[in-house]
Amino acid sequence: MENLVSKRRWDLLGFYLALVAMAFFVSIRRRISYGVRRFLFLAMVYVLAVVDLAFFGIAEDGRLYLFAFSVLVTIFFGWKSGIAAIVISLSLILISEPT
(Lines give C-alpha, C1' and ligand atoms only; values in the text may rest on other atoms or scores of the structure.)
Protein backbone atom coordinates (compact mmCIF):
# COMPACT_ATOMS: atom_id res chain seq x y z
CA MET A 1 0.00 0.00 0.00
CA GLU A 2 1.35 3.36 -1.00
CA ASN A 3 1.21 6.45 1.16
CA LEU A 4 -1.05 9.44 0.59
CA VAL A 5 1.71 11.69 -0.79
CA SER A 6 2.76 9.29 -3.53
CA LYS A 7 -0.91 8.78 -4.44
CA ARG A 8 -1.39 12.57 -4.45
CA ARG A 9 -4.32 12.39 -2.04
CA TRP A 10 -3.90 15.91 -0.70
CA ASP A 11 -7.51 16.05 0.45
CA LEU A 12 -7.09 13.11 2.81
CA LEU A 13 -3.68 14.28 3.96
CA GLY A 14 -5.14 17.69 4.81
CA PHE A 15 -8.02 16.05 6.64
CA TYR A 16 -5.71 13.88 8.74
CA LEU A 17 -3.48 16.84 9.55
CA ALA A 18 -6.51 18.92 10.57
CA LEU A 19 -7.68 16.06 12.79
CA VAL A 20 -4.27 15.83 14.47
CA ALA A 21 -4.21 19.61 14.95
CA MET A 22 -7.69 19.51 16.49
CA ALA A 23 -6.67 16.69 18.85
CA PHE A 24 -3.58 18.66 19.86
CA PHE A 25 -5.61 21.82 20.45
CA VAL A 26 -8.22 20.01 22.52
CA SER A 27 -5.46 18.33 24.55
CA ILE A 28 -3.55 21.46 25.50
CA ARG A 29 -6.45 23.85 25.96
CA ARG A 30 -7.29 23.60 29.68
CA ARG A 31 -10.36 25.86 29.57
CA ILE A 32 -12.33 23.30 27.60
CA SER A 33 -14.52 21.30 29.96
CA TYR A 34 -14.18 17.55 30.28
CA GLY A 35 -17.59 16.96 28.69
CA VAL A 36 -16.68 18.98 25.60
CA ARG A 37 -13.30 17.25 25.32
CA ARG A 38 -14.98 13.89 25.62
CA PHE A 39 -17.50 14.75 22.91
CA LEU A 40 -14.87 16.18 20.55
CA PHE A 41 -12.62 13.17 20.96
CA LEU A 42 -15.45 10.75 20.20
CA ALA A 43 -16.56 12.90 17.27
CA MET A 44 -13.02 12.80 15.86
CA VAL A 45 -12.91 9.00 16.10
CA TYR A 46 -16.33 8.68 14.46
CA VAL A 47 -15.53 11.13 11.65
CA LEU A 48 -12.26 9.30 11.05
CA ALA A 49 -14.22 6.05 10.69
CA VAL A 50 -16.74 7.62 8.30
CA VAL A 51 -14.01 9.11 6.10
CA ASP A 52 -12.07 5.85 6.09
CA LEU A 53 -15.15 3.87 5.09
CA ALA A 54 -16.08 6.42 2.43
CA PHE A 55 -12.68 6.52 0.76
CA PHE A 56 -11.32 3.02 1.29
CA GLY A 57 -14.33 0.80 1.90
CA ILE A 58 -14.97 -1.93 4.40
CA ALA A 59 -11.60 -3.65 3.91
CA GLU A 60 -9.57 -0.91 5.62
CA ASP A 61 -9.39 0.43 9.18
CA GLY A 62 -12.88 1.96 9.39
CA ARG A 63 -14.19 -1.08 11.24
CA LEU A 64 -11.44 -0.73 13.83
CA TYR A 65 -12.25 2.95 14.36
CA LEU A 66 -15.93 2.12 14.83
CA PHE A 67 -15.04 -0.58 17.34
CA ALA A 68 -12.88 1.91 19.23
CA PHE A 69 -15.72 4.42 19.06
CA SER A 70 -18.15 1.94 20.62
CA VAL A 71 -15.72 0.96 23.37
CA LEU A 72 -14.88 4.57 24.20
CA VAL A 73 -18.53 5.59 24.31
CA THR A 74 -19.16 2.72 26.72
CA ILE A 75 -16.27 3.82 28.92
CA PHE A 76 -17.19 7.50 28.90
CA PHE A 77 -20.99 7.32 29.04
CA GLY A 78 -22.02 3.86 30.27
CA TRP A 79 -23.43 0.68 28.84
CA LYS A 80 -26.71 2.10 27.51
CA SER A 81 -24.88 4.66 25.42
CA GLY A 82 -22.45 1.93 24.40
CA ILE A 83 -25.28 -0.15 22.99
CA ALA A 84 -26.49 2.88 21.03
CA ALA A 85 -22.94 3.38 19.71
CA ILE A 86 -22.79 -0.27 18.62
CA VAL A 87 -26.11 0.12 16.76
CA ILE A 88 -24.83 3.31 15.09
CA SER A 89 -21.57 1.61 14.14
CA LEU A 90 -23.26 -1.48 12.73
CA SER A 91 -25.72 0.62 10.74
CA LEU A 92 -22.84 2.60 9.25
CA ILE A 93 -21.07 -0.63 8.28
CA LEU A 94 -24.25 -1.96 6.67
CA ILE A 95 -24.75 1.28 4.78
CA SER A 96 -21.16 1.32 3.52
CA GLU A 97 -21.17 -2.36 2.49
CA PRO A 98 -21.50 -2.67 -1.29
CA THR A 99 -24.35 -4.85 -2.49
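Residues numbered from 1 in each chain as written. Predicted model: local features only at pLDDT ≥ 70, side-chain atom pairs only at ≥ 80, totals over all residues. Heavy atoms only, no water.

Quick word on the overall build of the chain
Within the chain one finds 4 helices and 0 strands. Taken from the N to the C terminus, the helices and strands of the chain come in the order α-α-α-α. For the chain, the spread of C-alpha atoms along the three principal axes comes to 40 × 35 × 15 Å. Across the 99 residues in the chain, those meeting the buried criterion constitute 23%. Of the contacts formed within the chain by residues at least 6 apart in sequence, a portion of 50% connects residues at least 24 apart. About 6900 Å² of surface is accessible on the chain, with carbon and sulfur atoms providing 70% of the total. Both charge centroids of the chain, one from 10 positive and one from 6 negative side chains, sit 18 Å from each other. (Helix = DSSP H or I, 4+ residues; strand = E, 2+ residues; numbered from the N terminus. Buried < 20%, exposed > 50% of the residue type's maximum accessible area, 1.4 Å probe, protein only. Contact = heavy atoms within 4.5 Å. Areas by Shrake-Rupley, 256 points an atom, 1.4 Å probe, with all protein chains shown as cover. Lys, Arg positive; Asp, Glu negative; His and termini not counted. Charge placed at Lys NZ, Arg CZ, Asp CG, Glu CD.)

Description of the nonpolar core
In terms of nonpolar packing, the biggest core is built from 5 residues, these being Leu42, Val45, Phe69, Val73 and Ala85. Setting aside residues no more than four positions away along its own chain, Val73 makes contact with Leu42, Gly78, Ser81, Gly82 and Ala85. (Core = buried A, V, L, I, M, F, W, Y, C linked by side-chain atoms within 4.5 Å.)

Quick word on the packing of helix α1 (residues 10-28) against helix α2 (residues 34-56)
Helix-helix packing is described using two parameters, namely the angle between the two axes and the distance between the axes. At a minimum axis distance of 10 Å, the contact between α1 and α2 shows a crossing angle of 170°. One way to sum up the angle between α1 and α2 is to call them roughly antiparallel. Of the residues in α2, those touching α1 at Asp11, Leu12, Phe15, Tyr16, Leu19, Met22, Ala23, Val26 and Ser27 are Arg37, Leu40, Met44, Val47, Leu48, Val51, Asp52, Phe55 and Phe56. Classifying every residue of the contact of α1 with α2 gives 14 nonpolar, 1 polar and 3 charged. (Axes fitted to C-alpha atoms, helices over the stretch in contact; angles between N-to-C directions. Parallel < 35°, antiparallel > 145°, perpendicular 65-115°, else oblique. Nonpolar A, V, L, I, M, F, W, Y, C, P; charged D, E, K, R; others polar.)

Topic: the packing of aromatic side chains
Inspection of the entire model under this criterion finds 2 aromatic pairs. The interplanar angle of 55° and the centroid separation of 5.6 Å between the aromatic rings of Phe15 and Tyr16 together place this pair among those described as tilted. Assessed through its relative accessible area of 22%, Phe15 is described here as partly exposed. Classification of Tyr16 as partly exposed rests on a relative accessible area of 23%. Seen from their ring centres, Tyr46 and Phe69 are 5.1 Å apart, and the 50° between their planes marks the pair as tilted. Remark: Phe69 occurs in helix α3 (residues 62-77) and Tyr46 occurs in helix α2; sequence separation between them is 23 residues. For Tyr46, a relative accessible area of 24% puts it in the partly exposed group. According to the relative accessible area criterion, Phe69 is buried, its value standing at 11%. (Phe/Tyr/Trp six-rings, centres within 6.5 Å; stacked < 30°, edge-to-face > 60°.)

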